[in-house]
Amino acid sequence: MRLLAIAALVLGLMVPAGAEAHDIKAGNLMIDHPHALALPPSVKMGATYVTIKNMGDTPDRLIAVKGDAAKKFELHTIIKEGDIAKMREVEGGFEIPAGGMLHLKQGGNHIMMMGVTELLVEGTSFPLTLVFEKAGEITVEVEVEARRGGGHDGHGKMTH
Ligand SMILES: [Cu+2]
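Residues numbered from 1 in each chain as written. Predicted model: local features only at pLDDT ≥ 70, side-chain atom pairs only at ≥ 80, totals over all residues.

**Remarks on the overall build of the protein chain**
A tally of regular secondary structure across the protein chain gives two helices and 11 strands. Secondary structure elements in the protein chain, listed N-terminal to C-terminal, are α-α-β-β-β-β-β-β-β-β-β-β-β. Across the 160 residues that make up the protein chain, the buried fraction comes to 24%. Partitioning the contacts of the protein chain with sequence separation of at least 6, the portion at a separation of at least 24 is 68%. (Helix = DSSP H or I, 4+ residues; strand = E, 2+ residues; numbered from the N terminus. Buried ≥ 20, exposed ≤ 12 C-beta atoms within 10 Å, placed from the backbone. Contact = placed C-beta atoms within 7 Å.)

As structure tokens, this is what we get:
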């Protein structure tokens, strides 16, 4: 048992304490690990990431995001123009396929926060309402996490 635990630790498979409370189930959707990256107070643009699993047999869509932590939330994707990666708002939101998942992550699809109104400090959290085409509105608590890799996650280098 001990060996197994160590192996799991080495492989990064250990689930941190409290992780279960972090998963929110709403109808057929499982909302996993909503998180935002900490920002210096002078930075007013941020991003939130989340993984949404659809355990149902019909697709759903994340069509909008609402909250008080920023003046405006947009659903962004990244397009490549030559060597330059640019962020674009997606029309009609993101699909969550039946039996599949939507994985918003650094360097990929994300929830853009324009005009951040809250201080995003590591260890704090803020409520965010995800609006789904079928499942309706689901409010989750977004945890603010430290920026890894010295902030070179690619997001800051992108232009709108
Ligand atoms: Cu963006």
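That was the structure; now back to the text.
**Observations regarding the confidence of the model for the protein chain**
Residue-level pLDDT values for the protein chain average 85, and 79% of them are 70 or greater. Helix 2 (residues 19-22) is the least confidently modelled element of the protein chain, averaging 52 in pLDDT, while strand 7 (residues 94-96) averages 98, the highest of any element. In the model, residues 150-154 has pLDDT below 50 throughout and makes six contacts with residues more than four positions away in sequence or in other chains. (pLDDT = per-residue confidence, 0-100.)

**Digging into the nonpolar core**
A general tendency of soluble globular proteins is for nonpolar side chains to be buried together. Judged by nonpolar contacts, the single largest core of 29 residues is most densely connected at Ile-52, Leu-62, Ile-111, Met-113 and Leu-128. When residues of this core are traced back to their parent elements, those giving at least two are strand 2 (29-37), strand 3 (45-54), strand 4 (60-66), strand 5 (70-81), strand 9 (110-116), strand 10 (125-132) and strand 11 (136-145). When near neighbours in sequence (up to four residues on either side) are disregarded, Ile-111 contacts Ala-47, Thr-48, Val-65, Phe-73, Leu-75 and Leu-104. (Core = buried A, V, L, I, M, F, W, Y, C linked by C-beta atoms within 7 Å.)

**Here's the deal with the pairing of strand 9**
Here strand 3 runs beside strand 9; their pairing, made up of four bridges, is antiparallel. Each bridged residue has a counterpart across the sheet, and for Thr-48 the counterpart in strand 9 is Ile-111. One ladder, built from six bridges, connects strand 5 with strand 9; its direction is antiparallel. Along strand 9, the bridge assignment pairs Glu-74 with Met-112. (Pairing = 2+ DSSP bridges.)

**Concerning the environment of Arg-88**
Note on placement: Arg-88 falls in strand 6 (residues 84-89). Beyond its immediate sequence surroundings of up to four residues, Arg-88 is in contact with His-76, Thr-77 and Ile-79.

**Some words on unusual backbone geometry**
Of note in this structure, His-33 is not a glycine but carries a positive phi near 55°. For His-33, the location among the structural elements is in strand 2.

**Some remarks on the pairing of strand 3**
Where strand 2 and strand 3 come together, six bridges link them in antiparallel fashion. By the bridge assignment, Met-30 is partnered in strand 3 with Lys-53. Bridge analysis of strand 3 against strand 8 (residues 101-103) gives three bridges, and the strand direction is antiparallel. Considered in strand 8, the bridge of Thr-51 is made with His-103.

**Quick word on the environment of Met-30**
Tracing the sequence through the fold places Met-30 in strand 2. The partly exposed category is assigned to Met-30, around which 15 C-beta atoms lie within 10 Å. In sequence terms Met-30 and Thr-51 are 21 residues apart; their C-alpha atoms lie 8.2 Å from each other. In this view, Met-30 contacts Asp-23, Lys-25, Lys-53 and Met-55; residues no more than four positions away in its chain are not counted.

**Describing the environment of Ala-47**
Mapped onto the elements, Ala-47 comes out in strand 3. On the neighbour-count criterion, Ala-47 (21 C-beta atoms within 10 Å) is buried.

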